[in-house]
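# Chains, contacts and geometry: an overview
The chain contents come next:
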Amino acid sequence: MNNLRKNRLIDETFRYFGIACTLFGLVMLAIFIGKILLDGAGRIDWDFIMSLPSRKPEKAGILTAWTGTTWILGLTAIIAIPIGVAAGIYLEEYGNKNRLASIVEINIANLAGVPSIIYGLLGLEIFVRTLKLGGSLLAGAFTLALLILPIIIVATREALKAVPGSLREASYGMGATKWQTIWYQVLPASSGGILTGIILSLSRAVGETAPLIVIGALAYVPFIAKSPMDEFTVLPMQIFNWVSRPQHGFIVNAASAIIILLIITFILNGIAIYLRNKWQKKINW
Amino acid sequence: MRKLNERIIEAGLALCGGLTILTTVGIIYVLFSESWGFFSRVFFFDFITDTEWTPLFTQKHYGILPLLSGTFIVTLISIIVALPVGLTIAIFLNEYAPKGFRQNVKPALEILAAVPTVVYGFFALTVVTPFLQVIIPGLGSFNALSAGIVMGIMIIPMVSSLSEDALFAIPKTLKEASYGMGATRFQTAFKVAVPAAASGIIVSVILAIGRAIGETMIVSIAAGQQPILTLDPRDAVETITAYIVQVSLGDVEHGSLEYQTIFAAGITLFLFTFILNNISFWMKKKYQERYE
């Protein structure tokens, strides 16, 4: 009986320990967002958003940073989405048993584990040096596109996998070709899942700093980028630059910029989660 | 005509799939070709045995060990934080928590994984380090401990989510048998579920280690830039990734030995993550076969 009570006690104790551990992560997140709001919320105003960078913290703004982030986001999306979705379609619909597909599959699993800074080294040699794009928006977008391709491919495959075979068979039965079946039936049916994956991958791209530092994105850019060949900075770069400075004013600026960056990240993630829930509910094959 | 169109489309799609292989080839080619230049000027033996890394000083040494020790200590601290907490969360959500709780907590934890790493760096520098300085007098403003702890918090959801999947995948009958023998949830979790899901849990830890080794921004901001051969968590250290960032921020001439050092550091990093990836891939394959 004594042994039984001891076991029950251990069992209960571990339950509380489990609750504590689960809360630990969430509490850290709360402390952390609270601290950033406390530090940075007061600094955010129209001037902060619409000002160019400056050596004086109270005059500096994030105009070049958020326009750069918008540019990068758009260009990366244009490059990565068609390639990623196409590769996903190929692997799931065409290459079921062939050799290329199985090599590509192992390869993608490996690429997903490659640190982002290594992609920076790749971008530096290929896009910046060999293709002579310099530290431009285009070089940055190509680099980030390669980085998020595995995420889009995996998400596309998952979404296509969820489409039942009966839908395809019905389309074939009507005399449609393979591509017509994919384009008119399978893709629309899986668009919610694909879109979720795309948005999540873009949210990853927005927060990336390391590969852009390596390809030579600048921390101080005193003008707004007007073409994809212009030099640029992005929000995470600007935050990194401000965090590394000793003056307290820049730490405050960094906190304010983080709030903007987090808002963008959370909005993207929120849209993705909303789409995922809606898509899962709507489709009851 | 129709058939031709179909062919062209398939070829186009295959090309996009092939591009991912090209990416891997590109990474390996770039790392090897630039490192080749480096190792033709620096002895490989010196690279792996010299205890100093000072390519940016006048007195140059090219020993990778200080960067490896920096990477190792930060990674170790992060795993010490993330493994117990992450595994406990996984067990708790799987055995103890009511279903509704689990469905709410999992997405909340995923938020931790969605926060950009530069933000974690800010957190380490402005919250965790000052807090640690109160507990440990004399702690510098850059140290391995703070960066490691914050990195651990960042990878908690990775460990917990993957471990939970592994625990969820073991056959229900196994656990029911344990409960039927009168075991408590704790006994069932640790004597039946965890051993049965061990390979999946190990995979989650390996992937987490890979993530920690390659993490850049937290260490660049909070761990410092001193490549010292040390395993003391209170010291400022420099990781492989932080070194690459340090050089990239400066003006380094293309083709110079300094320029090539970041590729030599990069290939070392790539090798470690490549090995870890393949171990986890291999383990995943093996353990999937066991239950299907």
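The text that follows walks through the structure, step by step, so that each part is easy to find. Predicted, not measured: the structure shown is a model, and the values here were computed from it.

### Considerations on the pattern of salt bridges
Under the counting rule described, the total for this entry stands at 14 salt bridges over all chains. The residue R15 of chain A makes a salt bridge to E12 of chain A at a minimum N-O spacing of 3.6 Å. One end of the pair is R15 of chain A and the other is E12 of chain A, both in helix 1 (residues 2-40) and three residues apart, which spans about a single turn. Of the charged contacts, one joins K106 of chain B and D165 of chain B as a salt bridge, the two residues approaching to 3.8 Å between their closest N and O atoms. Taken as a pair, K106 of chain B in helix 4 (residues 99-114) and D165 of chain B in helix 6 (residues 144-169) lie far apart in primary sequence, 59 residues in all. With relative accessibility at 21%, the residue K106 of chain B sits in the partly exposed group. The exposure class of D165 of chain B is partly exposed, given its relative accessible area of 41%. It is possible to trace a salt-bridge network through shared partners that takes in D11, E12 and R15 of chain A together with R185 of chain B.

### Digging into helix 3 (residues 63-94) of chain A
All names here are of chain A. Look at helix 3: 45 Å from first C-alpha to last across 32 residues, which is about the 46 Å you get at 1.5 Å a residue. At A80, helix 3 is bent by approximately 30 degrees, the largest bend along its length, and proline P82 sits one to four residues beyond. When you tally the buried positions in helix 3, you get 23 out of 32 residues, the bulk of the element.

### Some points on the interface of chain A and chain B
Contacts between the two partners involve 74 residues from chain A, matched on the other side by 69 residues from chain B. Here chain A and chain B share an interface that buries about 6,500 Å² over both sides, 80% of which is from carbon and sulfur atoms. The tally of links from chain A across to chain B stands at two salt bridges. Salt-bridge contacts for R185 of chain B lead to D11 of chain A; the nearest nitrogen and oxygen are separated by 3.1 Å. At the junction of chain A and chain B, the tally comes to 13 residue pairs in polar contact (both at pLDDT 80 or more). It is helix 1 of chain A that provides the largest number of residues to the side of chain A that touches chain B, a total of 21 residues. Taken together, the residues of the side of chain A that touches chain B break down into 51 nonpolar, 14 polar and nine charged.

### Topic: the side chain of T233 of chain A
Inspection of the secondary structure puts T233 of chain A in the loop between helix 9 (210-214) and helix 10 (235-243). Discounting residues that sit within four places of it in the chain, T233 of chain A has contacts with T64, A65, G68, T69, L218, A219, V221 and Q238 of chain A.

### Here we look at the environment of I198 of chain A
Residues and elements named next belong to chain A. The residue I198 is located in helix 8 (residues 178-207) in this model. By relative accessible area, which is 7% here, I198 ends up buried. Taking the C-alpha atoms as reference, I198 lies 17 Å from T69; in sequence the two are 129 residues apart. Residues in contact with I198, not counting those within four places in the same chain, are I81, V85 and I152.

Reading guide: rules and limits
- Each chain has its residues counted from 1, running along the sequence as written.
- To label them, take the chains in the order written and letter them from A, then take the ligands in the order written and number them from 1.
- The predicted nature of this model means local features are confined to residues of pLDDT at least 70 and side-chain atom pairs, given and counted, to a pLDDT of 80 or more, with totals for whole chains, interfaces and linings taken over all residues.
- Computation of side-chain values: all heavy atoms of the structure, hydrogens and water removed.
- The term salt bridge refers to a pairing of a side-chain nitrogen on Lys or Arg with a carboxyl oxygen on Asp or Glu at a separation within 4 Å.
- Only runs of H or I of at least four residues qualify as helices and only runs of E of at least two qualify as strands under DSSP, and these elements are numbered from the N terminus.
- Accessibility here uses a 1.4 Å probe with only protein chains present; expressed as a share of the type maximum, an area under 20% marks a residue as buried, one over 50% as exposed, and anything in between as partly exposed.
- Multiplying 1.5 Å by the helix residue count minus one yields the expected span of that helix.
- By definition, a residue's bend is the angle between the axes fitted to the seven residues ending there and the seven starting there.
- Here, residues are in contact when the closest pair of their heavy atoms is within 4.5 Å.
- Reported buried area values correspond to the accessible surface (1.4 Å probe) lost by two parts on association, with both partners' losses combined.
- Two N or O atoms form a polar contact when they lie within 3.5 Å of each other; inside protein one atom must be a possible hydrogen donor and the other a possible acceptor, and for residues adjacent in sequence the pair counts only when both atoms belong to side chains.
- Each residue is assigned to one class: nonpolar for Ala, Val, Leu, Ile, Met, Phe, Trp, Tyr, Cys and Pro, charged for Asp, Glu, Lys and Arg, and polar for all the others, Gly among them.

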